[in-house]
Amino acid sequence: MNEPTVAICMLAIGKPGYALAAREAVASFLRNTDFEIYIVTDRFSSPILPPSPRIHLNLLDAARQEYRADGFLAKFDALAWCLGQSSAEIIIQVDADTILLRPLSAAEVSTALGEQRMAMVEQTGIAGSGMTPGDFQEHYSKRSLAFIDGSAAAPPAISFRYFNSGVVLAFRDELQLLLEWVAARRLLLPADHSVGAHMIADQDYFQVWTNSVVPDRCASLSWQWNHCGHWDTGFPRPDALIAHFSNFCNGPEFETVLAMHNLLAEGPAGPLLDNAATGQPADLAFIIITYNSSKIIGYCLDALPDQHEIIVVDNASTDETLDHVTHEGVTIIRNKNNEGFAAAANQGAAAASAKYLCFLNPDCLVTSAAVEAALSTLRRKPDAMIVPDYVDWHGGVTAGRQPGYSRLKLTADLLDNNGMAKWARRLRRLPFYHDHKWSWPLAAALFVRRETFHAIGGFDESYFCYMEDVAVGFEMARRGLEIVELDHVLPHLGQQGADIPTSVRISLIDNARLKFAELHYGRAFAATLRGLRWVLHRRLGIRDALRRKRWRALEGR
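Positions within a chain are numbered from 1, following the residues in the order the chain's sequence is written. For a predicted model such as this one, the threshold for reporting local features is a pLDDT of at least 70, and the threshold for listing and counting side-chain atom pairs is 80 or more; totals across whole chains, interfaces and linings nevertheless cover every residue. Computation of side-chain values covers all heavy atoms of the structure but excludes hydrogens and water.

Positionally, Asp314 belongs in strand 14 (residues 309-314). In this scheme, a residue with accessible area under 20% of its type's maximum is buried, one over 50% is exposed, and one in between is partly exposed, where area comes from a 1.4 Å probe on protein chains only. For this count, His and the chain ends are skipped, Lys and Arg are scored as positive, and Asp and Glu as negative. We define a salt bridge as a contact between a side-chain nitrogen of Lys or Arg and a carboxyl oxygen of Asp or Glu at a distance within 4 Å. Within the buried core, Asp314 has no salt-bridge partner, and the shortest N-O distance to an opposite charge, that of Arg334, equals 6.9 Å. Within the structure, the side chain of Asp314 is placed 2.6 Å from the side chain of Ser317, a separation counted as a polar contact. Leave out the neighbours within four places in its chain, and Asp314 touches Thr290, Tyr291, Thr321, Leu322, Ile333, Arg334 and Asn335. Here a strand is any run of E in DSSP of at least two residues, a helix any run of H or I of at least four, and the numbering for each starts at the N terminus. Counting of polar contacts relies on pairs of N or O atoms within 3.5 Å, with two restrictions inside protein: one atom must be capable of donating a hydrogen and the other of accepting it, and residues adjacent in sequence are counted only when both atoms are side-chain atoms. Throughout, a contact is declared for two residues whenever any of their heavy atoms are within 4.5 Å.

This is the structure in C-alpha cells:
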C-alpha cells in the first residue's frame, strides 16, 4: 500500500514576530520532512522566510484586516488556497509558532489519523489558571457554540473535547467540508467575531465542527503532537514531536522566536535554513559591532546569506557574546576596551577585503533579496550609500533614509529624551523641523563601496555611540554624494543589540546630539542645548524627590 501524500499549511501575516517565528517553523519542517509547504503570508513577511523549492507562497494584504479575529480566521483562507494548489491527500495545518523536533513521515501521519478524518490534541487546561474540562465546556457552550450556531446541540460532558487548532491533521475531503461550512456560517455572523471581551476565531470553528456538527470524526492525538507551554508542564520536553510556543492569541514575543531558534539548533544535524547561493560573487563583507549582544548575535549570524565575508568587532563584552560566535569563517576582532561604535566599525572596515561593506546591527536581520538588490544598486551607483527601510517588532515601518537634522530637530529630540515629550511634539509640527537639504542613512544595515567609505573618512570617531550615521549623511551631502533608499524592509528588533540600561542609552544619545550640534551648528548653540539639558535634569530630579517624599508620607500612615 502506497503512503498517502502530505502537505504542510501555514499562515504568517501581520507583525514581524509571526514571520520570524514562521522562519524557524518552516526550517524545522524542511529539515525533518520531505513534505511540500504552503504558506499564506504578506509582502513584509515573505522575504524573511527561508528559500526552498518546496515552499509555495501566497501573498495577502495584511492591511485589509479590520478586526482582531481577521488574522486568525485567515487560517481558513490559507487552507482553501492550499487545497487548491496541492493534490496532497492529507494536510497538516500548523501555527507559525511551532517547531517539528524530529523526522516525520507520511506513514506516521496516516497512522495518527487512523480511521478518522481529522485529528487534534485535546487542551486540558491553561497553565496557572485552574481551568478544568468543565470550565472549557462551559466556555464552549456559552460562547463558541452560541455565537457560531446556537441551534446546534452541545455534546455531553463525557464526549466533549476542547481541541487546540495549533496543529491539525486532516484528509482533504474533510477540510473541504469544513471550509464550506465555515464559509456558510460566516455569512450569517457579525463580522467582528466578538462576544463581549472574547474573540471567536479559528479554534472555535474547529471545536464546533468536531463536537457538534460532525462528532466522532476527530481523533484525539497524543500530547507529543502539540506540546505547548501554555498548558503542558515541563515545556519543552525532549520526547515531544511538535513544540508549540503559543502566546494565547498575542503573537510571538522576541524571546519566543529566540527560544524556537535555539530549540531547532539543538535538534538533529542538518542546515537550519536553505541559504542557497545568491548568484553574487563573494565581494560583500558584513561588519557587526557587538557589546553584550549575547541574546541576539547568534540569531543574526544564522540569518546571514552564505558566501560573504563576516567580521565581528566586539567592544569588550562582559557577557557571553563571543561564545555565540561559533560560525565557520567569521573573523573576530576583540577590543580590550569599549571603543564605541564608530571606532569599532572603522576597525572592521579596515580588516575587510571585500569590495563592498554592510555595517549591520546585531539586532537587524538581512535577507538574500535585500543583499542582492543592494549590491546591484551599488554596481550602478558606486559612490552612493544604500539603506533599506526597517520594520520593528510591533509592525511599525521606519524609513532608512532620514531627513537632515536642523537646530529645531536637535532641540525637540533633547526635550523628548528628558521628560518633555509634549513640547517635543509641538516642535515637530513646526515648519523647518527637518532640514530637507540633506539626508542621512539609518545605519542598522548600511551598504557602501569600501573605497567610497574610506574616501569620506569613515565614521567620525569623535562620536562614541549614536549620531555617527547622521554625521556620515552630512558628509555625503557636503560632497554631493547620494543616499539611496532600497525598496526592501528588514526586521530591526530595536535596542536588542546591546544590553545596556535605558538611562545610559539616553545619556549616550544626548551626548552624541550635543557633539553634532557643536560640530555643525557651533559652540554657542551647543552650549544652549547643554544648559537646557541641565535645567531638564534639575526638573526631573525635583519631581522624583517630591514623588519619593509623597510615597514616604503614604507609607507612614
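Attention shifts here to unusual backbone geometry. At the junction of Phe235 and Pro236, the peptide bond is cis and its omega measures out at -10° in the coordinates. Locating Pro236 in the fold gives a position in the loop between strand 11 (227-228) and strand 12 (242-244). A positive phi angle, near 65°, is found at Phe432, a position not held by glycine. Take Phe432: it is sitting in the loop between helix 12 (421-428) and strand 20 (434-441).

As a further point, take the sheet that holds strand 5 (residues 98-100). Read from one edge to the other, the open sheet built from 3 strands follows the order 5-12-11, with strand pairing classed as mixed. Where the open sheet ends on each side, the last strands, each with one partner, are strand 5 and strand 11. Two strands are counted as paired when DSSP detects at least two bridges linking them.

Attention now goes to the side chain of Asp389. With respect to the helices and strands, the residue Asp389 is situated in strand 17 (residues 385-391). Buried and unpaired, Asp389 has no salt bridge, with Arg43 as the nearest side chain of opposite charge at 7.7 Å. Not counting the four nearest positions on each side in its chain, Asp389 is found in contact with Val397, Thr398, Ala399, Gly400, Glu485, Leu486, His488, Val489 and Leu490.

Glancing now at the pattern of salt bridges. Inspection of every chain in the model, using the stated rule, returns 21 salt bridges. Lys381 is the partner of Glu482 in a salt bridge, and the nearest nitrogen-oxygen pair spans 3.4 Å. In this pair, Glu482 sits in the loop between helix 14 (468-478) and strand 22 (483-491) while Lys381 sits in the loop between helix 10 (368-380) and strand 17, placing the two residues 101 residues apart along the sequence. The exposure class assigned to Lys381 is partly exposed, which follows from its relative accessible area of 31%. With its nearest N and O atoms 4.0 Å apart, the salt bridge here joins Glu518 to Arg523. A relative accessible area of 28% places Glu518 in the partly exposed class.

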